[in-house]
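Fold and geometry: a report
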There are 2 protein chains.
Amino acid sequence: MIRVFLTFVACVWAMGAAAQTLGTSTGPVRLEPMASGLDTPWGVAVLGDGAFLVTERGGRLLHFKDGKRTVVAGVPRVKAQGQGGLLDVTVGRSSVRPPYEVFLTFSKPQPGGGAGTALARGYLDASGRRLRDVQVLFEAAPGGKGGRHFGSRVVEGRNKELYVTIGDRGDRPSAQDRSNHNGSVVRIRRSGKPDPRNPFLNTPGVQPEIWSYGHRNPQGAVVNGRGDLWVVEHGAKGGDEINRVVKGGNFGWPVISYGTHYNGAKIGEGTAKPAMEQPRFYWDPSIAPSGMMIYSGRLWPEWQGDFFVGSLKFDYIARLSGLPIQEVEQIKGPETERIRDIIEAYDGSIWFIAEGSGTVWRMTPE
Amino acid sequence: MIRVFLTFVACVWAMGAAAQTLGTSTGPVRLEPMASGLDTPWGVAVLGDGAFLVTERGGRLLHFKDGKRTVVAGVPRVKAQGQGGLLDVTVGRSSVRPPYEVFLTFSKPQPGGGAGTALARGYLDASGRRLRDVQVLFEAAPGGKGGRHFGSRVVEGRNKELYVTIGDRGDRPSAQDRSNHNGSVVRIRRSGKPDPRNPFLNTPGVQPEIWSYGHRNPQGAVVNGRGDLWVVEHGAKGGDEINRVVKGGNFGWPVISYGTHYNGAKIGEGTAKPAMEQPRFYWDPSIAPSGMMIYSGRLWPEWQGDFFVGSLKFDYIARLSGLPIQEVEQIKGPETERIRDIIEAYDGSIWFIAEGSGTVWRMTPE
């Protein structure tokens, strides 16, 4: 009886998909499909009123509430090409009543046919119909014409500052060149201005928004309870990294890496160099990581403080724990096909996007 | 424009009441009336799907969701007399999908016309229409005929155990008499059985559910992040207490107290006695405390770890902080009339019941 009911609820947006059970180290978990039939979903965020938002890379922002799906109007125009399009979505940490403060990252069309990773903010009422007062807070300069390595996650720090991760746009040397934003993490205020405590504000020729650089393509980010920023980034072959981001840090790409080029060629100067940061963990072989979360909820006390990272390539959720951190578990099933994003909802449930099936899943203890 | 919208949302259940602003030590807060026109509301609990539950002492359990109010069927029959009736409501900590596990405390009619504080559990689907599989897990023996001092809060410990607070039923010596449950905190498993680690399981003539005793009328309870149980209780005149409840502890009523009888007479033997626990804080004059919460949310980082206690008598919310704990703030306005319950919702907002106006308020930063 209980199972029948749950399946019914889960089906509202799943168009036939049913709740599933999956084994984990702490016992079975229940997976409910909250939305399915999505076209290349990229980011998911929950609202306090039981609604949630999902981006589709092609440019749509969708609002789901009690079985009703709404395509949100007023979303910025994106250049949906290659890995670019409408990317991350997050809601301001203190925004728990409408109008909700919604942040979006996207590849913003630029004059000449290129695009740059950008951050916009808008406000959404409880109906989810239209994003209002939309403002572009940040746009990477100079962007680029290629369709690769946009990043891009947006996360909020402890003092309301915003971090946006930006890939190297396929232009490797640009990650070491601080006159542009590519291959960096930027830190800005909600006004769009560089954070006044940024490291290079007074360094000539350096973009003032830069917080750290030498990144390849960070597609996961999280701020922990102490306010530290962590990112996970796609490396070269055998060099996907988890990094604890420090102020002004140079994370080495493409000078140092634990990976090799995909054609087998050596990268740069090796694995370590003075004044360049070491990863806290790296995967060899590469898993193609996207989405990152640190669990803090009540549903799995055993997992509190652990990292969860999605794998696009090997179709699993990595759980990492310990000091130094290690991958301690692979949560894997037919439902974990190409994990693109993973978040913790207010109630402690874990939500993730399976890009492979175009589904948003909600995980709770069985 | 924003204000107009919020007021509209707030009015759905407020029948005309509007959102209000109140000053606090950390800046203004917004109060939204989530439900009003209630008849002696006693307990409030939120569900993960945006719905919430409210008890009315007369015996109704109400389910609110998106502007729809449902009277929940299947609630146990109560003896609504004096301070008795349908009292607390809480939802299992891990119960984040339907059917939700709902706990209710109430004064259960007993043969001969009396009533005893009891705990029932039932399961509620997302419609909120009917509590199913209702089971009485605990009933105080022997109860009593009077209409005073039932307690009664129910809170969940870290290992899924349940604590229920029980008043002395106006029969003062019974609080020291462990052959009955009056004036005690009981600890049981979800099966209704005494917790196997209870202190008096092997003590002849003692009720095996008792975890602590010597309480007068505890109407607030909370388990902190370390698993410690704290209660707040109505004392005699000038003797309202916050207690950190320890296993097997004797909290002294009516042998010791910082209060006096309301007729001015001395109570028992003074304020302290060997083998009896001291309060962690007491109020003189008494505030008539009901409802207790420790804040852990993201909306007010400054308040994390602080206690919040409602005052029935002086119409405010007490914030307590520090070691030893002290009352550091009184949150007070026309909306805080006779605070009966106070909880933290999943999203970090603070919800409280103003019994005076029959309103459930939700507090968020302005």
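The structure contained in this document is the topic of the report that follows. (Residues numbered from 1 in each chain as written. Chains lettered and ligands numbered in written order. Predicted model: local features only at pLDDT ≥ 70, side-chain atom pairs only at ≥ 80, totals over all residues. Heavy atoms only, no water.)

Looking now at the pattern of salt bridges. Residues and elements named next belong to chain A. Counting across every chain of the model gives 46 salt bridges over all chains. Between Glu-101 and Arg-121 there is a salt bridge; the shortest N-O distance is 3.6 Å. Linking Glu-101 in strand β8 (residues 100–109) with Arg-121 in strand β9 (residues 115–124), this pair joins segments that are 20 residues apart in sequence. The class of Arg-121 is buried, set by a relative accessible area of 11%. (Salt bridge = Lys/Arg side-chain N within 4 Å of Asp/Glu carboxyl O. Helix = DSSP H or I, 4+ residues; strand = E, 2+ residues; numbered from the N terminus. Buried < 20%, exposed > 50% of the residue type's maximum accessible area, 1.4 Å probe, protein only.)

Moving on: the packing of aromatic side chains. What the rule picks out here adds up to 22 aromatic pairs over all chains. For the pair B:Tyr163 and B:Trp211, a centre-to-centre distance of 6.0 Å together with 65 degrees between the ring planes defines the contact as edge-to-face. Of this pair, B:Tyr163 sits in strand β12 (residues 162–165) while B:Trp211 sits in strand β14 (residues 210–213), and the two are 48 residues apart along the sequence. Neither B:Tyr163 nor B:Trp211 differs from the other in exposure class; each is buried. What links up through ring pairs into an aromatic cluster is the set A:Tyr295, A:Trp300, A:Trp303 and A:Phe308. Residue placement shows A:Arg187 over the ring face of A:Trp211; its charged tip is 3.8 Å from the ring centre. When the ring centre of B:Phe200 is taken as reference, the NZ or CZ atom of B:Arg178 above it lies at 4.7 Å. (Phe/Tyr/Trp six-rings, centres within 6.5 Å; stacked < 30°, edge-to-face > 60°. Lys NZ or Arg CZ within 6 Å of the ring centre and 35° of its normal.)

Our focus in this paragraph is the relation of the copies chain A and chain B. You can overlay chain A on chain B at an RMSD of 0.0 Å; the transform is a turn of 180 degrees with a shift of 0.0 Å along its axis. Taken together, the rotation and translation relating the two chain copies correspond to the operation of a two-fold axis. Taken as a fraction of all interface residues of chain A, those also at the interface in chain B reach 100%, which identifies the copy contact as same-surface. (Least-squares fit on C-alpha atoms with pLDDT ≥ 70 in both. Contact = heavy atoms within 4.5 Å.)

Moving on, we come to the interface of chain A and chain B. Counting from both sides, the interface comprises 26 residues of chain A and, opposite them, 26 residues of chain B. Note on chain A versus chain B: buried area summed over both sides is about 2,400 Å², and carbon and sulfur give 60% of it. The interface formed by chain A and chain B contains 2 salt bridges. Among the salt bridges present, the one from A:Lys65 reaches B:Asp66, with a minimum N-O distance of 2.9 Å. Inspection of the region where chain A meets chain B yields 8 residue pairs in polar contact (both at pLDDT 80 or more). (Buried area = accessible area lost by both parts, 1.4 Å probe. Polar contact = N/O pair within 3.5 Å; in protein donor to acceptor, adjacent residues only side chain to side chain.)

What follows deals with the sheet that holds strand β6 (residues 68–71) of chain B. All names here are of chain B. Judged by pairing direction, the sheet is antiparallel, and its 4 strands sit side by side in the order β3-β4-β5-β6 without closing on themselves. Two strands bound the open sheet, and with one partner strand each, they are β3 (41–46) and β6. Within this sheet the neighbouring strands show an average axis-to-axis angle of 20 degrees, counted without direction. Both strand β4 (residues 52–56) and strand β5 (residues 61–65) contribute to a ladder of 4 bridges, which runs antiparallel. Looking at the pairing, Phe-52 lines up with Phe-64 of β5. (Pairing = 2+ DSSP bridges. Axes fitted to C-alpha atoms, helices over the stretch in contact; angles between N-to-C directions.)

Turning our eyes to something else, we now look at the side chain of A:Asn180. All names here are of chain A. Within the secondary structure layout, Asn-180 lies in the loop between β12 (162–165) and β13 (184–188). The exposure class of Asn-180 is buried, given its relative accessible area of 8%. There is a polar contact of 3.3 Å between the side chain of Asn-180 and the backbone oxygen of Asp-177. At 2.8 Å, the side chain of Asn-180 and the backbone nitrogen of Asn-182 are in polar contact. Setting aside anything within four residues of it in sequence, one finds Asn-180 in contact with Ala-141, Pro-142, Ser-174, Gln-207 and Ile-210.

Take it as geometry only, folks, not as evidence of what the structure does.
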